[in-house]
Amino acid sequence: DAGVIQSPRHEVTEMGQEVTLRCKPISGHNSLFWYRQTMMRGLELLIYFNNNVPIDDSGMPEDRFSAKMPNASFSTLKIQPSEPRDSAVYFCASRPLGGSLGYTFGSGTRLTVV
Amino acid sequence: AQKVTQAQTEISVVEKEDVTLDCVYETRDTTYYLFWYKQPPSGELVFLIRRNSFDEQNEISGRYSWNFQKSTSSFNFTITASQVVDSAVYFCALSEGGATNKLIFGTGTLLAVQP
């Protein structure tokens, strides 16, 4: 089991550029979550999917953020255009839908927008 | 709405001391799950424990123990005989049962264990 795989691990981009973060959930996990971690706001849930369908995107900060899950093994979080205040660590997590099993987190993507 | 409060922002102890990290939660659901995660300086989120709302038995795993009390909506975490390697940020989190599947985190407690 390779765990939840996120790429890239680090991303430095200039303000105004498009940024795409990627996540591969654990095989068989049909819920996927995107979190953002900052010093000011802690760990915030941005959006989550059940069976590839977005269920709750109320945490997405603004229209510059979008997330997709085209299939069960891949999800993207896109920021366009990026701003310095988007600098954060973005975590992806997955879990099996239902039951009481835990959430497994990826290693995160550290995004720096300059 | 679900909410998790970790009132202790930072705790500093000397190695071998016992330390308790507090967690208070709010939820309207009768079925819910509580979690603790550890985030060491390397940044990854490490799962420590999960409890469901119907199981109030305390749990012990090595030097770690957890005290779940529904009457006070608390799920506290104790590290016995702390070690420098325990230095990390610890997060308490809550997931409500049913179709709502999201995991909501507290603000975390930074534990510094001094040698």
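Computed from a prediction, not measured in an experiment: that's the story for all the values here.

Caption draft 1: Structural detail: the side chain of B:N76. Residue and element names in this part refer to chain B. Following the sequence through the fold, N76 ends up in strand 9 (residues 74-79). N76 sits in the buried class, given a relative accessible area of 18%. Polar side-chain contacts of N76 include one of 2.9 Å to the backbone nitrogen of C23. Look past the residues within four positions of N76 in its chain and what remains in contact with it is T20, L21, D22, C23, W36, S65, W66 and N67.

Caption draft 2: Layout of the state of the cysteines. Residue and element names in this part refer to chain B. Inspection of every chain in the model, using the stated rule, returns 2 disulfides over all chains. C23 shares a disulfide with C92; S-S distance 1.9 Å. Handedness here is read from the sign of the S-S torsion; for C23 and C92, about -65°, the answer is left-handed. Taken together, the positions of C23 in the loop between strand 3 (19-21) and strand 4 (24-26) and C92 in strand 10 (residues 88-96) put the pair 69 residues apart, joining distant regions of the chain.

Caption draft 3: Structural context of the pattern of salt bridges. All names here are of chain A. Counting across every chain of the model gives 12 salt bridges over all chains. R85 is the partner of E62 in a salt bridge, and the nearest nitrogen-oxygen pair spans 3.2 Å. Here the residue E62 occupies a position in the loop between strand 6 (53-56) and strand 7 (65-71), and R85 occupies one in the loop between strand 8 (74-79) and strand 9 (88-95), the gap between them amounting to 23 residues. Look at E62 and you get partly exposed, because its relative accessible area is 26%. A relative accessible area of 53% places R85 in the exposed class. The partner of R64 in a salt bridge is E83, and the shortest N-O contact between them spans 3.5 Å. One end of the pair, R64, is in the loop between strand 6 and strand 7; the other, E83, is in the loop between strand 8 and strand 9, with 19 residues separating them in the sequence.

Caption draft 4: Expanded view of the packing of aromatic side chains. Under the definition given, this model contains 22 aromatic pairs over all chains. Each residue in the set A:F33, A:Y35, A:Y48, A:F91, A:Y103, A:F105, B:F35, B:Y37, B:F47, B:F91 and B:F105 is aromatic and connected to the rest through ring pairs, giving one cluster. Positioned above the aromatic ring of A:Y103, the side-chain terminus of A:R95 is 4.8 Å from the ring centre.

Caption draft 5: How the structure looks around the sheet that holds strand 3 (residues 19-24) of chain A. Residues and elements named next belong to chain A. The antiparallel open sheet is built from 4 strands, whose spatial order is 1-3-8-7. Every other strand in the sheet has two partners, leaving strand 1 (5-7) and strand 7 as the edge strands with one partner each. Going from strand to strand, the sheet's axes swing by 15° on average, the running direction of each strand aside. Where strand 7 meets strand 8, 5 bridges bridge the pair, whose relative direction is antiparallel. The residue of strand 8 that forms the bridge with A67 is L77.

Caption draft 6: Looking closely at the interface of chain A and chain B. Contact with chain A, which involves 18 residues of that partner, is made by 15 residues of chain B. Buried surface at the junction of chain A and chain B, both sides included, amounts to about 1500 Å², of which 55% is carbon and sulfur. Between the two partners, chain A and chain B, sit 1 salt bridge. Of the charged contacts, one joins B:K102 and A:D56 as a salt bridge, the two residues approaching to 2.8 Å between their closest N and O atoms. Counting across the interface, chain A meets chain B through 5 residue pairs in polar contact (both at pLDDT 80 or more).

What counts and how
Residues numbered from 1 in each chain as written. Chains lettered and ligands numbered in written order. Predicted model: local features only at pLDDT ≥ 70, side-chain atom pairs only at ≥ 80, totals over all residues. Heavy atoms only, no water. Helix = DSSP H or I, 4+ residues; strand = E, 2+ residues; numbered from the N terminus. Buried < 20%, exposed > 50% of the residue type's maximum accessible area, 1.4 Å probe, protein only. Polar contact = N/O pair within 3.5 Å; in protein donor to acceptor, adjacent residues only side chain to side chain. Contact = heavy atoms within 4.5 Å. Disulfide = S-S within 2.5 Å. Salt bridge = Lys/Arg side-chain N within 4 Å of Asp/Glu carboxyl O. Phe/Tyr/Trp six-rings, centres within 6.5 Å; stacked < 30°, edge-to-face > 60°. Lys NZ or Arg CZ within 6 Å of the ring centre and 35° of its normal. Pairing = 2+ DSSP bridges. Axes fitted to C-alpha atoms, helices over the stretch in contact; angles between N-to-C directions. Buried area = accessible area lost by both parts, 1.4 Å probe.

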